[in-house]
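# Structure assessment
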Amino acid sequence: MQGKRIVKLLYFNDFQLGVLNAAGRVVNIMDVVRDVPRTGPHNLITGLIERWDSYRRAIEDMARSSTGVSLADLRIRPPLPRPVNIDCMAVNYMEDGTRAEPAPINAFHKSPNCIIGTGETMVLPDLPATIFEGEAEIAVVIGKHASHVSQADAFNYVFGYVNFIDGSARGLLPANQSFYQAKSRDTFAPIGPFLVTADEVASPQDLAIRLWVNGTLMQNFRTSDMAHSIARSIEFVSAQHALEPGDILATGTNHRGLNPLMDGDVVELECEGMGRLTIHVRDDLKRVWKRETRLDRQNQGFSTQTPQIAGKYAVAETETITGTRTMGART
């Protein structure tokens, strides 16, 4: 095990900070980081990120010398409980080559209140969304103050990576103001279970991303399909506003596998090397959609998302005389 880098950080139980050792067990490192200035878990982890070079050796030594505790015996918490910024790239994949050219580079903000961790529950709010979806993404975690960073220098500002699900409430009006309403809802940013440091990830621009709903694989793509690379994304966002240690930049998704989230769903995400993030979905209204992906709809000739077929805000689906399928009135 000599020379093995121990670089998967996590919070557990009452937000004790730990590291995953080479045996896949959790070692408590609170004694090692006891002098990191903080007021709570949110800035303990960001303070450690800022001072990583000073603490890394001691954390690795403790991990190598400690037996640790089984993950199964712990409640795993989000590794970044309250980042200052959560930025998300929009329409940032070539969709398996089906897009003729990249969409114009764009991003949006999510509230830190959106964060939940593995084992927790995304709650679908009572609002007239046409569909709720959870986008499989890999997110970059910023390592130091970053403002107007160039692409060439971008990876010098990356501390690590984390699984990220971008919860979305589609179809809200007015359509040209939908990002805020659709994206920045409580519980709509599941992350975890680990924060993986950058040197553990040899090729972040060529990783597998897979998402399952109730055990069925729904999204399966690679980061090599990004329209605007991780480095370009960092350049773009850091030109809009400064990024701080522990900030999250989610890099987008391949939309073809997106599918409706419903009450009782179990959603699992694995970005290669990041562990498995598992969340539950709760909808007190018990709304129902067809179990279809966007690609399923496209292959059937539909240009719309799968309609809600039962519950509050349900809609009817109709066909015009030309055969173009459209959405009918709400019921």
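See the structure above.
We now turn to the structure provided with this report. (Residues numbered from 1 in each chain as written. Predicted model: local features only at pLDDT ≥ 70, side-chain atom pairs only at ≥ 80, totals over all residues. Heavy atoms only, no water.)

A separate point is the packing of aromatic side chains. What the rule picks out here adds up to five aromatic pairs. Ring geometry for Phe108 and Phe179: centres 4.7 Å apart, planes at 25°, overall stacked. With Phe108 in strand S6 (residues 107-110) and Phe179 in helix H3 (residues 178-183), the pair connects residues that are 71 residues apart, well separated along the chain. Taking relative accessible area as the criterion, Phe108 reaches 8% and is therefore assigned buried. In this structure, Lys144 packs its charged tip against the face of Tyr157, placed 4.7 Å from the ring centre. Just above the ring of Trp212 sits the side chain of Arg276; from NZ or CZ to the centre is 4.1 Å. (Phe/Tyr/Trp six-rings, centres within 6.5 Å; stacked < 30°, edge-to-face > 60°. Helix = DSSP H or I, 4+ residues; strand = E, 2+ residues; numbered from the N terminus. Buried < 20%, exposed > 50% of the residue type's maximum accessible area, 1.4 Å probe, protein only. Lys NZ or Arg CZ within 6 Å of the ring centre and 35° of its normal.)

Summed over all chains, the structure comprises one cavity of 30 Å³ or more. When its volume is computed, the largest cavity comes out at roughly 30 Å³. Looking at the largest cavity, the residues that line it are Ile131, Glu133, Leu258, Asn259, Pro260, Glu292, Thr293, Arg294, Arg297, Gln305 and Thr306. Broken down by secondary-structure element, the contributors of at least two residues to the lining of the largest cavity are strand S9 (131-142) and helix H5 (294-299). Residues belonging to the lining of the largest cavity are distributed by class as follows: three nonpolar, four polar and four charged. (1 Å grid on protein atoms, 1.4 Å probe; cavity = no way out; pocket = protein on both sides within 12 Å on 5 of 7 lines; lining within 4 Å. Points joined across faces, edges and corners; volume = space filled by probe spheres on them. Nonpolar A, V, L, I, M, F, W, Y, C, P; charged D, E, K, R; others polar.)

For soluble globular proteins, the rule of thumb is that nonpolar side chains tend to be buried together. Within the largest apolar cluster, 92 residues are counted, with the highest numbers of intra-cluster contacts made by Leu9, Leu17, Val33, Ile45, Leu48, Ile59 and Phe164. Look past the residues within four positions of Ile59 in its chain and what remains in contact with it is Val19, Ile29, Val32, Val33, Leu48 and Trp52. (Core = buried A, V, L, I, M, F, W, Y, C linked by side-chain atoms within 4.5 Å. Contact = heavy atoms within 4.5 Å.)

Relative to the assigned elements, Arg294 resides in helix H5. On the basis of relative accessible area, Arg294 is assigned to the partly exposed category, the value being 26%. Taking C-alpha positions, Arg294 is 8.4 Å from Thr304, a pair spaced ten residues apart along the chain. Every residue in contact with Arg294, bar those within four places of it in the chain, is listed here: Glu133, Arg170, His255, Arg256, Leu258 and Gln305.

Burial analysis of strand S1 (residues 8-12) places five of its five residues in the buried class, which makes it a mostly covered element. Every second residue of S1 is oriented toward a common face, with Lys8, Leu10 and Phe12 on one face and Leu9 and Tyr11 on the other, all of them buried. For S1 and strand S12 (residues 195-197), the ladder comprises two bridges, and the chain directions are antiparallel. Looking at S12, one finds that Leu9 is bridged to Leu195. As paired strands, S1 and strand S2 (residues 16-20) are joined by four bridges and run antiparallel to one another. Paired with Leu9 across the bridge in S2 is Val19. In this structure, the hairpin formed by S1 and S2 is closed by a connection of three residues, where Asn13 is found at a positive phi of approximately 50°. Examined bridge by bridge, S1 and strand S4 (residues 76-77) share two bridges and lie antiparallel to one another. (Pairing = 2+ DSSP bridges.)

So, about helix H1 (residues 41-50). Residues of H1 that are buried: Leu44, Ile45, Thr46, Gly47, Leu48 and Ile49. Buried positions along H1 lie against S1, S2, helix H2 (52-65), S9, strand S10 (158-170) and S12.

Another aspect to go through is the sheet that holds strand S17 (residues 277-282). Two orientations exist for strands paired in a sheet by backbone hydrogen bonds: parallel and antiparallel. Spatial strand order, S8-S17-S16-S13-S14: five strands in an open sheet with mixed pairing. Two strands close off the open sheet at either side, each with one partner strand: strand S8 (121-123) and strand S14 (216-222). Strand-to-strand, the axes of this sheet are offset by a mean angle of 20°, without reference to chain direction. Both S8 and S17 contribute to a ladder of three bridges, which runs parallel. Within S17, the position partnered with Met122 by the bridge is Val281. (Axes fitted to C-alpha atoms, helices over the stretch in contact; angles between N-to-C directions.)

Two elements in contact, H1 and H2, have axes whose closest approach is 6 Å; the angle formed by their N-to-C orientations is 100°. Of the possible angle classes, the one that applies to H1 and H2 is roughly perpendicular. Between H1 and H2, the residues in contact are Leu48, Ile49 and Glu50 and Trp52, Tyr55 and Ile59, respectively. When grouped by side-chain class, the residues that make up the contact of H1 with H2 number five nonpolar, no polar and one charged. (Parallel < 35°, antiparallel > 145°, perpendicular 65-115°, else oblique.)

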